[in-house]
Amino acid sequence: MSKLRLAIVGCGGMGHRHLYGLIELHRAGWQDIELVGACDPVIANANSLADQAFEAFGSCPTVVASLEELAALDIDAVDITTTPRSHHTVANDAMARGWHVMIEKPLGLTVRACNQIRTAARQ
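Just so you know, these numbers come straight off a predicted model, no measurement behind them. All residue numbers refer to positions counted from 1 along the written sequence of the respective chain. The model is predicted, so local features are restricted to residues of pLDDT at least 70 and side-chain atom pairs to those at 80 or more, both for listing and for counting; the totals for chains, interfaces and linings are taken over all residues. Excluding hydrogens and water, the side-chain figures rest on all heavy atoms present in the structure.

K.L.:
So what about the sheet that holds strand S3 (residues 62–64)? Which residues, and what values?
P.N.:
Pairing between two strands requires that DSSP report at least two bridges joining them. Each helix is a run of DSSP H or I of at least 4 residues and each strand a run of E of at least 2, with the numbering of both proceeding from the N terminus. Spatially, S3-S2-S1-S4-S5 is the arrangement adopted by the five strands of the open sheet, whose pairing is parallel. Where the open sheet ends on each side, the last strands, each with one partner, are S3 and strand S5 (100–103). The average angle at which neighbouring strand axes cross in this sheet is 25°, direction not considered. In this structure, strand S4 (residues 77–80) lies alongside S5, joined through four bridges in parallel fashion. Looking at the pairing, valine 78 lines up with valine 101 of S5. The criterion used for residue contact is that any of the two residues' heavy atoms lie within 4.5 Å. In this description, a line fitted to the C-alpha atoms serves as the axis of each element, helices being fitted only across the stretch in contact, and the angle between N-to-C directions of two axes falls anywhere from 0 to 180 degrees. Contacting strand S1 (4–9), strand S2 (33–39) and S3, helix H2 (residues 43–57) crosses the sheet at an angle of about 165° to S3. Across the sheet, helix H4 (residues 87–96) lies against S1, S4 and S5, angled at about 165° from S5, the strand it touches most.

Below, the structure is given as structure tokens:
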């Protein structure tokens, strides 16, 4: 079985906490996920996450500032940990690209935003 190629989108505090979860899974022997991307418009945040991933995994995810750049990494899935106001736009864009999506809570700030994500997932 090949590894799931994952990128964390949003590398601030919550993105780092999700990285810690990946590290714990790795330590427990579950190594079916390869972190290949750290995406954040604030490059310093993405670099910080990438540096910590390198310390934990011995490989450094590619740092990018946008989903367009992330598309070049041949990823399978994104873990969206951006600020909640952008969850629906990032998720919709990611699903339109055929990527699997996990979203930090809240799913969206409004019912309309959540319904947009549901519609994109169905398509």
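After that view of the structure, there is still more to cover.
K.L.:
Report on helix H5 (residues 111–122), specifying residues and quantitative values.
P.N.:
Helix span, as expected, comes to 1.5 Å for every residue beyond the first. Taking 1.5 Å per residue, twelve residues should reach 16 Å; H5 reaches 16 Å between its end C-alpha atoms and fits that length. Categorising residues by exposure relies on relative accessible area from a 1.4 Å probe, with only protein chains included: less than 20% of the type maximum marks a residue as buried, more than 50% marks it as exposed, and the intermediate range marks it as partly exposed. Listed in full, the buried residues belonging to H5 are Ala113, Cys114, Ile117 and Ala120. With its buried residues spanning 120° around the axis, H5 presents them on a single face. Those residues of H5 that are exposed and angled more than 90 degrees off the buried face are Val111, Arg112 and Arg122. Turning to H5, the residues buried within the fold contact H4 and S5. Picture the helix axis, draw a direction to every C-beta atom, and the arc is the one those directions span.

K.L.:
Explain the pairing of S4 to me, using residue names and the numbers behind them.
P.N.:
Across the two faces of S4 the burial is the same, with Ala77 and Asp79 and Val78 and Ile80 all buried. For a crossover, the right-handed case is the one in which the path from the first strand over the helix to the second runs clockwise, viewed with the strands pointing away from the viewer. As a crossover connection, the stretch from S4 through H4 into S5 is right-handed.

None of this, on its own, says anything about what the molecule does.
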